[in-house]
Amino acid sequence: MKAIFQSDRGKVRSLNEDYGGVFLHEQGHCLLVVADGMGGHQAGDVASRMATEQMAEKFLAATIPTKVSEIEEWLVAQVKEVNEHLFRYASEHEECQGMGTTLIAVVVTNRHAVITHIGDSRLYVRNEDGFQQMTDDHSLVGELMRRGEISKEVAEHHPRKNVILRSLGTEEDVKIDQRTLLLETDDMLLICSDGLTNKVHDEELEQSMTSIEELETISSQLISLANKRGGEDNITLILARMESDEEIEVDPI
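Residues numbered from 1 in each chain as written. Predicted model: local features only at pLDDT ≥ 70, side-chain atom pairs only at ≥ 80, totals over all residues. Heavy atoms only, no water.

## Concerning the pattern of salt bridges
Keep this limit in mind: A carboxyl oxygen of Asp or Glu within 4 Å of a side-chain nitrogen of Lys or Arg is what we treat as a salt bridge. Strands here are runs of E lasting at least two residues and helices are runs of H or I lasting at least four, both read from the DSSP assignment and numbered beginning at the N terminus. Burial classification: accessible surface area is computed with a 1.4 Å probe over protein chains only, and a residue below 20% of its type maximum counts as buried, one above 50% as exposed, and the rest as partly exposed.
As enumerated under the stated definition, the model contains 11 salt bridges in all. Note that Arg13 is salt-bridged to Asp233, the shortest N-O span being 3.2 Å. Of this pair, Arg13 sits in the loop between strand S1 (2–8) and strand S2 (18–24) while Asp233 is found in the loop between helix H7 (215–228) and strand S10 (235–241), placing the two residues 220 residues apart along the sequence. Look at Arg13 and you get partly exposed, because its relative accessible area is 29%. When the shortest N-O distance is used, the salt bridge between Arg49 and Glu53 registers 3.4 Å. Within this pair, Arg49 and its partner Glu53 are both found in helix H1 (residues 44–61), separated by four residues, close to a single helical turn. Judged by its relative accessible area of 31%, Arg49 falls in the partly exposed class.

## So, the environment of Ile118
How we decide: The contact criterion used is simple: two residues touch if any of their non-hydrogen atoms lie within 4.5 Å.
Inspection of the secondary structure assignment puts Ile118 in strand S5 (residues 112–118). Residue Ile118 is classed as buried on the basis of its relative accessible area of 1%. C-alpha separation for the pair Ile118 and Gly28, spaced 90 residues apart in sequence, amounts to 26 Å. Those residues in contact with Ile118, other than ones at most four positions away along the chain, are Thr102, Leu103, His138, Arg166, Ser167, Leu168, Val174, Lys175 and Ile176.

## Details of the packing of aromatic side chains
Each aromatic ring pair is described using two quantities: the centre-to-centre distance and the angle formed by the ring planes. Note the threshold: Only rings of Phe, Tyr and Trp enter the pairing, Trp through its six-membered ring, and a pair is recorded when the two centres are within 6.5 Å. The plane angle decides the type: under 30 degrees is stacked, over 60 is edge-to-face, the rest tilted.
Counted under the stated rule, the structure contains one aromatic pair. A centroid spacing of 5.0 Å and a plane angle of 10 degrees characterise the contact between Tyr124 and Phe131, whose relative ring orientation is stacked. Like Phe131, Tyr124 is buried.

## Regarding helix H2 (residues 68–92)
Selection criterion: Helix span is expected to be 1.5 Å times the residue number reduced by one.
Over its 25 residues, H2 extends 36 Å from the first C-alpha to the last, a length consistent with the 36 Å expected when each residue adds 1.5 Å. Looking at H2, one finds that the buried residues are Ile71, Trp74, Leu75, Val76, Gln78, Val79, Val82, Asn83, Leu86 and Ala90. Summarising the contacts, the buried residues of H2 are in contact with H1, strand S4 (103–108), S5 and strand S8 (177–182).

## Notes on the packing of H1 against H2
To keep things clear, this is the line we draw: Lines fitted to C-alpha atoms define the axes here, with helix axes fitted over just the stretch in contact, and angles between the N-to-C directions of these axes take values from 0 to 180 degrees. Between 65 and 115 degrees an angle is taken as roughly perpendicular, under 35 as roughly parallel, over 145 as roughly antiparallel, and anywhere else as oblique. Here is the rule for handedness: rotate from the far helix to the near one, and if that takes an anticlockwise turn smaller than a right angle the crossing is left-handed, while a clockwise turn gives right-handed.
For the pair H1 and H2, the least separation of the axes is 10 Å and the interaxial angle reads 140 degrees. In this view, H1 runs oblique relative to H2, as classed from their interaxial angle. Crossing hand, H1 versus H2: right-handed. Contacts from Val46, Ala47, Met50, Ala51, Gln54, Met55, Lys58 and Phe59 in H1 reach Trp74, Leu75, Gln78, Val79, Glu81, Val82, His85, Leu86 and Tyr89 in H2.

Here is the structure:
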(Lines give C-alpha, C1' and ligand atoms only; values in the text may rest on other atoms or scores of the structure.)
Protein backbone atom coordinates (compact mmCIF):
# COMPACT_ATOMS: atom_id res chain seq x y z
CA MET A 1 0.00 0.00 0.00
CA LYS A 2 1.08 3.53 -0.72
CA ALA A 3 -0.41 6.33 1.38
CA ILE A 4 0.02 10.09 1.55
CA PHE A 5 -1.30 12.75 3.94
CA GLN A 6 -1.79 16.42 3.15
CA SER A 7 -3.37 19.27 5.11
CA ASP A 8 -3.93 22.90 4.10
CA ARG A 9 -5.13 25.84 6.18
CA GLY A 10 -7.31 27.12 3.34
CA LYS A 11 -7.73 30.71 2.19
CA VAL A 12 -9.71 32.24 5.05
CA ARG A 13 -8.92 30.77 8.46
CA SER A 14 -5.84 31.87 10.38
CA LEU A 15 -5.51 28.50 12.13
CA ASN A 16 -5.57 24.92 10.87
CA GLU A 17 -7.84 22.96 13.20
CA ASP A 18 -7.47 19.75 11.16
CA TYR A 19 -4.92 17.14 12.13
CA GLY A 20 -4.04 13.63 11.07
CA GLY A 21 -1.36 11.39 9.68
CA VAL A 22 -0.23 8.05 8.34
CA PHE A 23 1.53 5.78 10.86
CA LEU A 24 3.34 2.53 10.08
CA HIS A 25 3.48 -0.27 12.66
CA GLU A 26 6.45 -2.62 12.86
CA GLN A 27 4.04 -5.51 12.21
CA GLY A 28 3.34 -4.05 8.77
CA HIS A 29 -0.09 -2.59 9.50
CA CYS A 30 -0.85 1.08 8.89
CA LEU A 31 -3.01 3.59 10.80
CA LEU A 32 -4.71 6.37 8.83
CA VAL A 33 -6.17 9.26 10.85
CA VAL A 34 -8.07 12.41 9.93
CA ALA A 35 -9.48 14.65 12.67
CA ASP A 36 -11.28 17.96 12.16
CA GLY A 37 -11.43 20.18 15.24
CA MET A 38 -14.92 21.56 15.58
CA GLY A 39 -15.24 25.07 14.19
CA GLY A 40 -16.88 27.53 16.53
CA HIS A 41 -15.69 25.63 19.59
CA GLN A 42 -12.76 26.52 21.77
CA ALA A 43 -9.51 24.65 21.19
CA GLY A 44 -10.64 22.65 18.18
CA ASP A 45 -7.01 22.42 17.13
CA VAL A 46 -6.12 20.99 20.55
CA ALA A 47 -8.82 18.32 20.26
CA SER A 48 -7.84 17.18 16.76
CA ARG A 49 -4.13 17.11 17.60
CA MET A 50 -4.65 15.23 20.87
CA ALA A 51 -6.96 12.68 19.22
CA THR A 52 -4.47 12.00 16.42
CA GLU A 53 -1.40 11.83 18.64
CA GLN A 54 -3.07 9.53 21.17
CA MET A 55 -4.37 7.17 18.49
CA ALA A 56 -0.90 7.02 16.94
CA GLU A 57 0.76 6.43 20.31
CA LYS A 58 -1.63 3.61 21.19
CA PHE A 59 -1.27 2.03 17.76
CA LEU A 60 2.52 2.11 17.61
CA ALA A 61 2.92 0.76 21.16
CA ALA A 62 0.41 -2.09 20.79
CA THR A 63 0.71 -5.64 19.63
CA ILE A 64 -1.95 -5.57 16.93
CA PRO A 65 -4.28 -8.62 16.97
CA THR A 66 -4.13 -11.01 14.03
CA LYS A 67 -7.88 -11.61 13.63
CA VAL A 68 -9.94 -8.91 11.95
CA SER A 69 -12.69 -9.21 14.59
CA GLU A 70 -10.12 -8.57 17.31
CA ILE A 71 -8.71 -5.55 15.46
CA GLU A 72 -12.25 -4.18 15.23
CA GLU A 73 -12.79 -4.53 18.98
CA TRP A 74 -9.34 -3.14 19.78
CA LEU A 75 -9.76 -0.08 17.57
CA VAL A 76 -13.18 0.88 18.93
CA ALA A 77 -11.85 0.49 22.48
CA GLN A 78 -8.93 2.84 21.75
CA VAL A 79 -11.19 5.50 20.27
CA LYS A 80 -13.45 5.35 23.32
CA GLU A 81 -10.42 5.77 25.59
CA VAL A 82 -9.31 8.80 23.60
CA ASN A 83 -12.82 10.26 23.88
CA GLU A 84 -12.76 9.85 27.65
CA HIS A 85 -9.36 11.54 27.83
CA LEU A 86 -10.47 14.49 25.70
CA PHE A 87 -13.67 14.94 27.71
CA ARG A 88 -11.75 14.83 30.99
CA TYR A 89 -9.07 17.22 29.70
CA ALA A 90 -11.69 19.74 28.59
CA SER A 91 -13.44 19.60 31.97
CA GLU A 92 -10.13 20.28 33.74
CA HIS A 93 -8.99 23.13 31.47
CA GLU A 94 -11.37 26.05 31.25
CA GLU A 95 -9.86 27.32 28.01
CA CYS A 96 -10.71 23.97 26.35
CA GLN A 97 -14.26 23.50 27.58
CA GLY A 98 -16.54 22.53 24.72
CA MET A 99 -13.74 21.39 22.44
CA GLY A 100 -14.43 18.50 20.10
CA THR A 101 -13.27 16.85 16.92
CA THR A 102 -14.41 14.50 14.21
CA LEU A 103 -12.32 11.37 13.82
CA ILE A 104 -11.76 8.70 11.22
CA ALA A 105 -9.18 6.13 12.31
CA VAL A 106 -8.47 3.20 10.00
CA VAL A 107 -6.18 0.22 10.54
CA VAL A 108 -5.09 -1.16 7.17
CA THR A 109 -3.73 -4.69 6.87
CA ASN A 110 -2.67 -6.37 3.63
CA ARG A 111 -6.30 -7.41 3.02
CA HIS A 112 -8.62 -5.24 5.13
CA ALA A 113 -9.41 -1.68 6.17
CA VAL A 114 -10.87 -1.60 9.69
CA ILE A 115 -12.69 1.72 10.07
CA THR A 116 -13.86 3.70 13.11
CA HIS A 117 -15.72 6.95 12.58
CA ILE A 118 -17.47 9.80 14.38
CA GLY A 119 -18.47 13.19 12.95
CA ASP A 120 -18.76 14.42 9.37
CA SER A 121 -15.31 13.70 7.98
CA ARG A 122 -15.62 11.04 5.30
CA LEU A 123 -14.07 7.88 3.93
CA TYR A 124 -14.56 6.91 0.28
CA VAL A 125 -13.44 3.78 -1.53
CA ARG A 126 -12.77 3.37 -5.23
CA ASN A 127 -12.73 -0.24 -6.39
CA GLU A 128 -14.10 -2.51 -9.12
CA ASP A 129 -17.63 -1.71 -7.92
CA GLY A 130 -17.14 2.03 -8.48
CA PHE A 131 -16.77 4.97 -6.10
CA GLN A 132 -18.69 5.01 -2.82
CA GLN A 133 -18.87 6.97 0.42
CA MET A 134 -18.44 4.40 3.19
CA THR A 135 -19.21 6.57 6.23
CA ASP A 136 -22.36 8.38 7.34
CA ASP A 137 -22.21 12.07 8.21
CA HIS A 138 -23.12 12.51 11.87
CA SER A 139 -24.61 15.91 11.14
CA LEU A 140 -28.05 17.51 11.10
CA VAL A 141 -28.27 17.56 7.31
CA GLY A 142 -26.92 14.01 7.15
CA GLU A 143 -29.71 12.84 9.43
CA LEU A 144 -32.34 14.78 7.46
CA MET A 145 -31.10 13.13 4.25
CA ARG A 146 -31.25 9.65 5.78
CA ARG A 147 -34.85 10.33 6.81
CA GLY A 148 -35.67 11.44 3.29
CA GLU A 149 -36.67 14.91 4.45
CA ILE A 150 -34.21 16.77 2.22
CA SER A 151 -32.32 15.95 -0.97
CA LYS A 152 -28.57 15.90 -1.45
CA GLU A 153 -28.85 19.12 -3.47
CA VAL A 154 -30.74 20.90 -0.66
CA ALA A 155 -28.24 19.58 1.90
CA GLU A 156 -25.33 21.22 0.07
CA HIS A 157 -26.76 24.69 0.77
CA HIS A 158 -28.64 24.06 4.03
CA PRO A 159 -28.20 26.97 6.53
CA ARG A 160 -27.44 24.51 9.36
CA LYS A 161 -25.02 22.40 7.39
CA ASN A 162 -22.29 22.85 10.02
CA VAL A 163 -24.31 21.36 12.91
CA ILE A 164 -22.60 18.17 14.11
CA LEU A 165 -24.66 15.62 16.08
CA ARG A 166 -21.79 13.38 17.21
CA SER A 167 -18.15 14.21 17.86
CA LEU A 168 -15.21 13.08 19.94
CA GLY A 169 -14.59 14.74 23.31
CA THR A 170 -17.88 16.57 23.79
CA GLU A 171 -19.60 13.84 25.81
CA GLU A 172 -18.31 11.33 28.32
CA ASP A 173 -19.68 8.39 26.34
CA VAL A 174 -20.14 8.39 22.57
CA LYS A 175 -21.31 5.98 19.88
CA ILE A 176 -18.57 5.04 17.43
CA ASP A 177 -19.43 3.74 13.96
CA GLN A 178 -17.38 0.75 12.80
CA ARG A 179 -17.12 -1.21 9.57
CA THR A 180 -14.52 -3.29 7.74
CA LEU A 181 -13.73 -3.40 4.03
CA LEU A 182 -12.04 -6.18 2.10
CA LEU A 183 -9.30 -4.68 -0.06
CA GLU A 184 -7.98 -5.82 -3.42
CA THR A 185 -5.00 -4.68 -5.47
CA ASP A 186 -5.49 -1.14 -6.89
CA ASP A 187 -8.35 -0.32 -4.51
CA MET A 188 -8.09 3.28 -3.30
CA LEU A 189 -9.17 4.98 -0.08
CA LEU A 190 -9.85 8.68 0.36
CA ILE A 191 -10.25 10.03 3.90
CA CYS A 192 -10.97 13.74 4.18
CA SER A 193 -12.37 16.58 6.25
CA ASP A 194 -15.43 18.52 5.12
CA GLY A 195 -13.21 21.36 3.95
CA LEU A 196 -12.74 19.21 0.84
CA THR A 197 -16.22 17.71 0.40
CA ASN A 198 -18.00 21.03 0.91
CA LYS A 199 -16.20 22.36 -2.17
CA VAL A 200 -15.54 19.34 -4.39
CA HIS A 201 -18.42 17.12 -5.53
CA ASP A 202 -18.28 13.33 -5.29
CA GLU A 203 -18.23 13.06 -9.07
CA GLU A 204 -15.13 15.24 -9.19
CA LEU A 205 -13.44 13.20 -6.48
CA GLU A 206 -14.15 10.04 -8.44
CA GLN A 207 -12.88 11.53 -11.68
CA SER A 208 -9.60 12.61 -10.09
CA MET A 209 -9.05 9.23 -8.44
CA THR A 210 -9.83 7.42 -11.70
CA SER A 211 -8.01 9.55 -14.27
CA ILE A 212 -4.84 10.49 -12.39
CA GLU A 213 -2.23 7.91 -11.48
CA GLU A 214 0.01 9.69 -8.95
CA LEU A 215 -1.45 10.12 -5.45
CA GLU A 216 0.57 13.29 -4.91
CA THR A 217 -0.95 14.86 -8.02
CA ILE A 218 -4.50 13.90 -7.02
CA SER A 219 -4.03 15.32 -3.53
CA SER A 220 -2.54 18.61 -4.68
CA GLN A 221 -5.17 19.14 -7.38
CA LEU A 222 -8.09 18.45 -5.02
CA ILE A 223 -6.79 20.87 -2.40
CA SER A 224 -6.13 23.48 -5.07
CA LEU A 225 -9.68 23.10 -6.38
CA ALA A 226 -11.20 23.51 -2.89
CA ASN A 227 -9.15 26.66 -2.39
CA LYS A 228 -10.11 28.06 -5.79
CA ARG A 229 -13.76 27.70 -4.76
CA GLY A 230 -13.28 29.78 -1.63
CA GLY A 231 -11.19 27.72 0.76
CA GLU A 232 -13.22 28.94 3.74
CA ASP A 233 -12.32 25.85 5.79
CA ASN A 234 -9.20 23.81 6.47
CA ILE A 235 -8.68 21.00 3.93
CA THR A 236 -7.18 17.66 4.92
CA LEU A 237 -7.00 14.33 3.14
CA ILE A 238 -5.33 10.95 3.05
CA LEU A 239 -5.08 8.96 -0.17
CA ALA A 240 -4.09 5.29 -0.10
CA ARG A 241 -3.76 2.70 -2.84
CA MET A 242 -3.35 -1.03 -2.36
CA GLU A 243 -0.30 -2.26 -4.25
CA SER A 244 0.37 -5.73 -5.62
CA ASP A 245 2.86 -6.51 -2.86
CA GLU A 246 2.33 -6.28 0.88
CA GLU A 247 4.85 -3.54 1.60
CA ILE A 248 3.52 -0.21 2.86
CA GLU A 249 5.03 3.02 1.62
CA VAL A 250 4.29 6.16 3.60
CA ASP A 251 4.81 9.46 1.81
CA PRO A 252 3.45 12.37 3.88
CA ILE A 253 3.47 15.77 2.15
